[in-house]
Amino acid sequence: MPERLSTGNPTLDQMLGGGLLPGTLTVVAGATGIGKTQLGISYLFAGSSQNEPQGAMLDLSARGDSQNHAGYAQRLFDADWRSVAPDTMPSGSGNEWVFDSEVRMPNSLNMLGYSGRRVVRDQMDPDQWNEWQRQLNRSLNKMIGFLYGHLVRGTRRFVIDGIEPSDRPEDSLQMELFEYAYHRVMRQEHDWVARDLLRQDFRHYADQVTAHAYSNSEAACLLLCTTPESMLDQLIDRPLANGDLGALANTLIYMGKIRDGLQMRRGLYIAKHRGSQCDDNVRLFEIDEAGLQLSAG
């Protein structure tokens with residue numbers, strides 16, 4: 001059994017039989033504001049106790065205010081969080097920066113900007129949809145560079161934040177980006193990712209690609225998904241359809257509200273954890289200045 005990846009929360013690690021499994025996808029689903037992002041930030045920084053580089057985040061948020069990633073990182077870990085848009089990613093006449101250890105990789109890449117609208121096809125006219133597709137095509141190489149640049153530096157913890165609910169996932173630009181980032185970058189052989197990024201310059205950088213080889217079986221992703229349901233019972237009771245992200249994930253964690261008399265409380269439940277025993281109980285939790293605090297039992 002490979003060494004588990006800590007979530008950054010000892011109680012949750014214990015519930016997961018020691019932590020998350022390397023090289024797997026974990027989906028954390030729950031309503032807006034329930035605490036998913038704080039859990040994701042904790043997971044990214046938890047590798048320091050296991051002698052790992054800090055993790056990286058792909059931010060696919062598109063509506064409302066920006067997520068408070070920098071604030072959480074500062075408050076919880078006294079860390080200087082750097083988030084960039086695709087057009088401000090490192091660049092130059094070539095791709096030397098990808099392999100240059102002196103170049104500091106940003107912590108987060110915000111792919112979509114906070115446009116104030118959902119990026120799903122049924123809420124756009126054809127011209128708007130086509131413009132979004134053109135914009136993403138221009139930014140895709142930057143996303144590959146962001147992820148590959150972290151992978152060659154030893155990053156194995158990734159968080160994808162901001163996934164919103166969609167009746168037809170195939171019509172969601174967020175889902176399109178997730179599928180590409182996870183299946184064609186994180187889970188792809190290192191040299192094929194390099195070919196996708198470097199293209200006609202691949203032969204020029206072939207020696208550096210070989211020198212920075214890594215195993216794609218080790219990268220693990222935490223996918224944070226907003227749900228229309230806010231109550232934990234609703235999340236637990238809903239069926240997982242074929243193709244649903246929760247059905248495809250190795251581990252599925254629900255975070256939702258629980259009615260306790262006249263109070264609303266927060267609860268967490270591990271719906272699935274393939275390849276390991278896990279705690280089947282619902283655990284109450286609170287969020288304070290130190291982050292997510294799960295009840296002991």
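In case you missed it, the structure is sitting above this.
Residues numbered from 1 in each chain as written. Predicted model: local features only at pLDDT ≥ 70, side-chain atom pairs only at ≥ 80, totals over all residues. Heavy atoms only, no water.

> Which residues make up the overall build of the protein, and what values do they have?
Broken down by element type, the protein carries 10 helices and 10 strands. Counting the 297 residues in the protein, one finds 52% classified as buried. Sequence-distant contacts in the protein: of pairs separated by 6 or more residues, those separated by 24 or more amount to 72%. Carbon together with sulfur atoms contributes 44% to the accessible area of the protein, which is approximately 14,000 Å² in total. (Helix = DSSP H or I, 4+ residues; strand = E, 2+ residues; numbered from the N terminus. Buried < 20%, exposed > 50% of the residue type's maximum accessible area, 1.4 Å probe, protein only. Contact = heavy atoms within 4.5 Å. Areas by Shrake-Rupley, 256 points an atom, 1.4 Å probe, with all protein chains shown as cover.)

> Mind laying out the packing of helix α2 (residues 36–45) against helix α3 (residues 69–77), listing which residues take part and the relevant values?
Think of two packed helices as two axes; the pair is described by the angle between the axes and how far apart they sit. Interhelical geometry of α2 versus α3 gives an angle of 60° and a closest axis separation of 10 Å. Our classification of the angle between α2 and α3 gives oblique. The hand of the α2/α3 crossing is right-handed. Here Thr37, Gln38, Ile41, Ser42 and Phe45 of α2 come into contact with α3, specifically with His69, Tyr72, Ala73, Arg75, Leu76 and Phe77. By residue class, the composition of the contact of α2 with α3 is 6 nonpolar, 4 polar and 1 charged. (Axes fitted to C-alpha atoms, helices over the stretch in contact; angles between N-to-C directions. Parallel < 35°, antiparallel > 145°, perpendicular 65-115°, else oblique. Left-handed = near helix turned anticlockwise from the far one by under 90°. Nonpolar A, V, L, I, M, F, W, Y, C, P; charged D, E, K, R; others polar.)

> Could you give an account of helix α7 (residues 190–198), with specific residues and numbers?
Along an α-helix, residues three or four positions apart point the same way, because every turn accommodates 3.6 residues. Considered for burial, the residues of α7 that qualify are His190, Val193, Ala194, Asp196, Leu197 and Leu198. Of the residues one or two after α7, Arg199 is the one with positive phi, at around 50°.

> Got a sec to walk through the environment of Lys142? Specific residues and values, please.
The residue Lys142 is located in helix α5 (residues 126–152) in this model. In sequence terms Lys142 and Ala85 are 57 residues apart; their C-alpha atoms lie 9.1 Å from each other.

> Lay out the side chain of Thr155 with the relevant residues and their values.
Along the polypeptide, Thr155 turns up in the loop between α5 and β5 (157–163). Owing to a relative accessible area of 2%, Thr155 belongs among the buried residues under this scheme. Discounting chain neighbours no more than four positions away, the residues touching Thr155 are Pro53, Gln54, Gly55, Ala56 and His150.

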